[in-house]
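A closer look at the structure
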Amino acid sequence: MRLKRWVGICSKLTSGLVSIPPRVLSLGPGSSQQHVCVWGRSIAGCCPIMAEEAKKLAAYAAVDNHVQNNQVVGVGSGSTIVYAVDRLAERVRLEKLNIVCVPTSFQARQLVLQHGLTLSDLDRHPELDVAIDGADEVDAGLILIKGGGGCLTQEKIVAGCAKHFIVIADYRKDSVSLGEQWKKGVPVEVIPMAYVPVARRIARSFGGEAVLRMAVSKAGPVVTDNGNFILDWKFEGVQNWKEVNMDIKMIPGVVETGLFVGMAERAYFGMEDGTVRVRDAPSQ
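Reference entry: report on the structure contained in this document. (Residues numbered from 1 in each chain as written. Predicted model: local features only at pLDDT ≥ 70, side-chain atom pairs only at ≥ 80, totals over all residues. Heavy atoms only, no water.)

**Details of the nonpolar core**
Defined as follows: Put simply, buried Ala, Val, Leu, Ile, Met, Phe, Trp, Tyr and Cys residues joined by side-chain atoms within 4.5 Å make one nonpolar core. For each residue, the accessible area found with a 1.4 Å probe, counting protein chains only, is set against the maximum for its type, and the residue is called buried under 20%, exposed over 50%, and partly exposed in between.
By size, the foremost hydrophobic cluster in this structure holds 53 residues, and its most contacted members are V67, I81, I132, F165, V167, I168 and Y268. If you look at the next biggest cluster of nonpolar residues, it comprises 24 residues, including V186, V198, A210 and W233.

**Observations concerning the sheet that holds strand β10 (residues 186-190)**
So the rule is basically this: Should DSSP find at least two bridges between two strands, the strands are taken to pair. Only runs of H or I of at least four residues qualify as helices and only runs of E of at least two qualify as strands under DSSP, and these elements are numbered from the N terminus. Simply put, an axis is a line fit to the C-alpha atoms, just over the touching stretch for a helix, and the angle between two N-to-C directions goes from 0 to 180 degrees. Any two residues whose heavy atoms approach within 4.5 Å are treated as being in contact.
Read from one edge to the other, the open sheet built from four strands follows the order β11-β12-β10-β13, with strand pairing classed as antiparallel. What marks the edges here is a single partner per strand, and that holds for β11 (209-212) and β13 (254-257). Pairwise comparison of adjacent strand axes, ignoring direction, gives a mean angle of 30° for this sheet. Taken together, the five bridges between β10 and strand β12 (residues 229-234) define a ladder with antiparallel strand orientation. Counted as the bridge partner of V186 is W233 from β12. Against the sheet, helix α6 (residues 195-206) engages β10, β11, β12 and β13, with an angle of about 15° to β12.

**Focus on the pattern of salt bridges**
For clarity, the cut-off: The term salt bridge refers to a pairing of a side-chain nitrogen on Lys or Arg with a carboxyl oxygen on Asp or Glu at a separation within 4 Å.
One pass over the structure, following the stated rule, counts 16 salt bridges. Residue R124 pairs with D121 through a salt bridge whose shortest N-O separation is 3.3 Å. Several salt bridges share partner residues, and in doing so they unite D64, R87, E90, R91 and E95 into one network.

**Digging into the pairing of β11**
Covered by surrounding structure in β11 are A210 and L212 only, the residues E209 and V211 on the alternate face being uncovered. Pairing between β11 and β12: four bridges, direction antiparallel. Counterpart to E209 in the pairing with β12 is K234.

**A short note on the packing of aromatic side chains**
Cut-off, in case you're wondering: Aromatic rings from Phe, Tyr and Trp, with only the six-membered ring used for Trp, were paired whenever their centres fell within 6.5 Å, and each pair was classed as stacked if the ring planes differed by under 30 degrees, edge-to-face if by over 60, and tilted otherwise. Any Lys NZ or Arg CZ found within 6 Å of a ring centre and within 35 degrees of that ring's normal is scored as a charge over the ring.
Summed over all chains, the structure comprises six aromatic pairs. With a centroid separation of 5.8 Å and an interplanar angle of 65°, the aromatic rings of Y195 and F229 are classed as edge-to-face. Of this pair, Y195 sits in helix α6 while F229 sits in strand β12, and the two are 34 residues apart along the sequence. Relative accessible area serves as the criterion here: at 29%, Y195 is assigned to the partly exposed category. For the ring pair F235 and W241, a centre distance of 4.8 Å and an interplane angle of 80° mean the geometry is edge-to-face. Taken together through their ring pairs, the aromatic side chains of F206, W233, F235 and W241 make up a single cluster. A cation over an aromatic ring shows up here: K146 above the ring of F260, its NZ or CZ 5.5 Å from the ring centre. Between K156 and the ring centre of F260, over which it is positioned, the NZ or CZ distance is 5.0 Å.

Spelled out as structure tokens, the structure:
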């Protein structure tokens, strides 16, 4: 763990703050959560940091604590991963690290190439040392909703190939139960010809409503990198997510769900007060 080094770097990100010595605060016996203090916000009139700064804090912490020399790294998708790739590229340049990157999407691939990092794929590197990715929501047990950006299938494949799967997010994605913060539902990637029967089957079996995701800047539905459609299942109440995930995947026409159950090892949340909250998966 290199907490001191990344804390020193992160403390320069925002001006007007009073630095305090870095420390990890345990939240009590048996707790799976910790706080990593980055800086103080005790000056009167200081406002909480914005979500983008919180994303950066989480991303920097994850890259510095989990990426080492001579590793193959899975690179996730979304807005938070941009900061992770920024930091990864910086470390590769400054520390002369030998890192190979396996992307989860076209966006991730472009980020890797733009930063001059070594690009690979699962054909050449089917086993990854670590995968780092964002999430739309994370519950107390590190069950995730992912796929808001439409890359859920590739993200789950890459995460499943990694020895360690690490999640990065800002404070808005941290929930006790799924659905508290994220109101857009669970994404389900489906074969285009099956979207109507799959949507009906999900609603009938689990309640709520499964809606075809429509594109914003084009006519018609969102089309994934795999050429499929996405249903957003707006569920009702707390579910047994492990069972629901398996049951939905058994419906003919379903490619994958955005439920990541029992996959994440640790999550880093950039908080409003400038700290990073660390949550480990519960013991099995």
